[in-house]
Amino acid sequence: MNKPSDQATNIAKNITQIQKNIALFCQTYGRRAEDVQLLAVSKTKPASDIQAAFEAGQAQFGENYLQEALDKIKQLQALPIEWHFIGAIQSNKTRELAENFSWVHSVDRLKIARRLSAQRPPSLAALNICLQINISQEDSKSGINLDQLDSLVDEISTLHGIKLRGLMAIPEKACGLNAQRAIFAKMQQAMNKYPQMDTLSMGMSADMEAAIAEGSTLLRIGTAIFGARNIT
Ligand SMILES: *Cc1c(COP(=O)(O)O)cnc(C)c1O
């Protein structure tokens, strides 16, 4: 057997540590650890890093940039990886999303949902989607405002080929646990209005405790697994 590279060893250690932290935070906040999934965000990282994480037991990966993601999906097609798209969506690229991913977290308009619905191959299970909420109401961020949510949920619920699983947010950077919790709490309240949803996609490397405290069911963690990114 080849000796694992230092990077592969670090990735495996990081995943073990994060799983321990998830278990600990779940205990602190009265959550069940099995209700919080870890999505490894591998944007800008090579396929070899993903393979190392997979060998350490991580099977769900999130990517932001479509072409980069498609290249890695192809390179790693022998592995039973579940691919999640978490980046900005161009409407002329929805077919590749519908054909290659299990989840899309960043749906932010009806047009995108309609295209994903029409383009999901019938041979595949329904595409899981989350609606991205602009929870901190920043002009620079994509995502819908909470007051648009009701009508969008109604329309999306009628579409075949896609399954509305929940809500996703990338909040503005907040300092301190309480400030982070206050933002995530708004997401939890919003989701609680929709019993058909089961997924709250929130929490990144810097705010995972707050996200677990406020009901996250899916953490999107990049830096804490793979190390800092050189490029965004
Ligand atoms: C990059 C990214 C992450 C991971 O962020 P880290 O701070 O590296 O953990 C999570 N979600 C989205 C949407 C991202 O673009």
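The structure under discussion appears in the preceding block.
Note that the structure is a prediction, hence the values are computed from the model and not measured.

Break down the packing of helix H5 (residues 110-119) against helix H6 (residues 149-157) for me, with residues and values.
Each pair of packed helices gets described by two things: the angle between the helix axes and the distance between those axes. With their axes 10 Å apart at the nearest point, H5 and H6 run at an angle of 15° to one another. Viewed along their axes, H5 and H6 adopt a mutual orientation that is roughly parallel. Read as a crossing pair, H5 and H6 show a hand that is right-handed. Along its contact with H5, which presents Leu110, Ala113 and Arg114, the element H6 presents Leu152, Glu155 and Ile156. Across the contact of H5 with H6, the residue classes tally to four nonpolar, no polar and two charged.

Could you give me a rundown of the site of the ligand, with the residues and numbers involved?
Around the ligand, the surrounding shell consists of Val41, Lys43, Asn64, Ile86, Ile170, Met204, Ser205, Arg220, Ile221, Gly222, Thr223 and Arg229. Thr223 places a polar side-chain atom, nitrogen or oxygen, 2.5 Å from an oxygen atom of the ligand. Class assignment of the residues belonging to the shell around the ligand gives a composition of five nonpolar, four polar and three charged.

Please give an account of the side chain of Ser91 that cites residues and values.
Looking at where Ser91 falls in the secondary structure, it is placed in the loop between strand E3 (82-85) and helix H4 (94-100). You can call Ser91 buried: its relative accessible area is 18%. Contact partners of Ser91, with chain neighbours within four places excluded, come to Arg109, Lys111, Ile112 and Arg115.

Describe in detail the packing of aromatic side chains, supporting the description with residues and values.
This structure, assessed with the given rule, holds two aromatic pairs. Arranged with centres 6.1 Å apart and planes meeting at 45°, the rings of Phe61 and Trp83 form a pair that is tilted. Note that Phe61 is positioned in strand E2 (residues 60-63) and Trp83 in strand E3, a separation of 22 residues in sequence. For the pair Phe61 and Trp83, a shared accessibility class is recorded, and that class is buried. Relative to Phe101, the ring of Phe85 has its centre 5.5 Å away and its plane inclined at 75°; by these criteria the two rings are edge-to-face. Remark: Phe101 occurs in the loop between H4 and strand E4 (103-107) and Phe85 occurs in strand E3; sequence separation between them is 16 residues. Relative accessible area serves as the criterion here: at 2%, Phe85 is assigned to the buried category. On the accessibility criterion, Phe101 (2% relative accessible area) is buried.

Cut-offs used in this document
Residue indices begin from 1 for each chain and proceed along its sequence in written order. Where local features are concerned, this predicted model is filtered to residues with pLDDT of at least 70; where side-chain atom pairs are given and counted, the filter is 80 or more; whole-chain, interface and lining totals use all residues. Computation of side-chain values covers all heavy atoms of the structure but excludes hydrogens and water. In this description, a line fitted to the C-alpha atoms serves as the axis of each element, helices being fitted only across the stretch in contact, and the angle between N-to-C directions of two axes falls anywhere from 0 to 180 degrees. We count a stretch as a helix when DSSP gives it H or I for four or more residues in a row; a strand needs E for two or more, and each element gets its number in order from the N terminus. For classification purposes, angles smaller than 35 degrees are called roughly parallel, those larger than 145 roughly antiparallel, those between 65 and 115 roughly perpendicular, and all remaining angles oblique. Should the near helix be turned counterclockwise from the far one by less than a right angle, the crossing is left-handed, whereas a clockwise turn marks it as right-handed. In what follows, a contact means two residues having at least one pair of non-hydrogen atoms within 4.5 Å. Following the grouping adopted for this structure description, the nonpolar residues are Ala, Val, Leu, Ile, Met, Phe, Trp, Tyr, Cys and Pro, the charged ones are Asp, Glu, Lys and Arg, and the polar ones are all others, Gly among them. Residues are classed as near a molecule or strand on a simple rule: at least one heavy atom within 4 Å of it. What qualifies as a polar contact is a pair of N or O atoms within 3.5 Å, subject to a donor-acceptor requirement within protein and to the restriction that residues adjacent in sequence count only when both atoms come from side chains. Accessibility here uses a 1.4 Å probe with only protein chains present; expressed as a share of the type maximum, an area under 20% marks a residue as buried, one over 50% as exposed, and anything in between as partly exposed. Any two of the Phe, Tyr and Trp rings considered here, Trp counted by its six-membered ring, make a pair once their centres fall within 6.5 Å; the pair's planes then place it as stacked at under 30 degrees, edge-to-face at over 60, or tilted in between.

These values are about where atoms sit, not about what they do.
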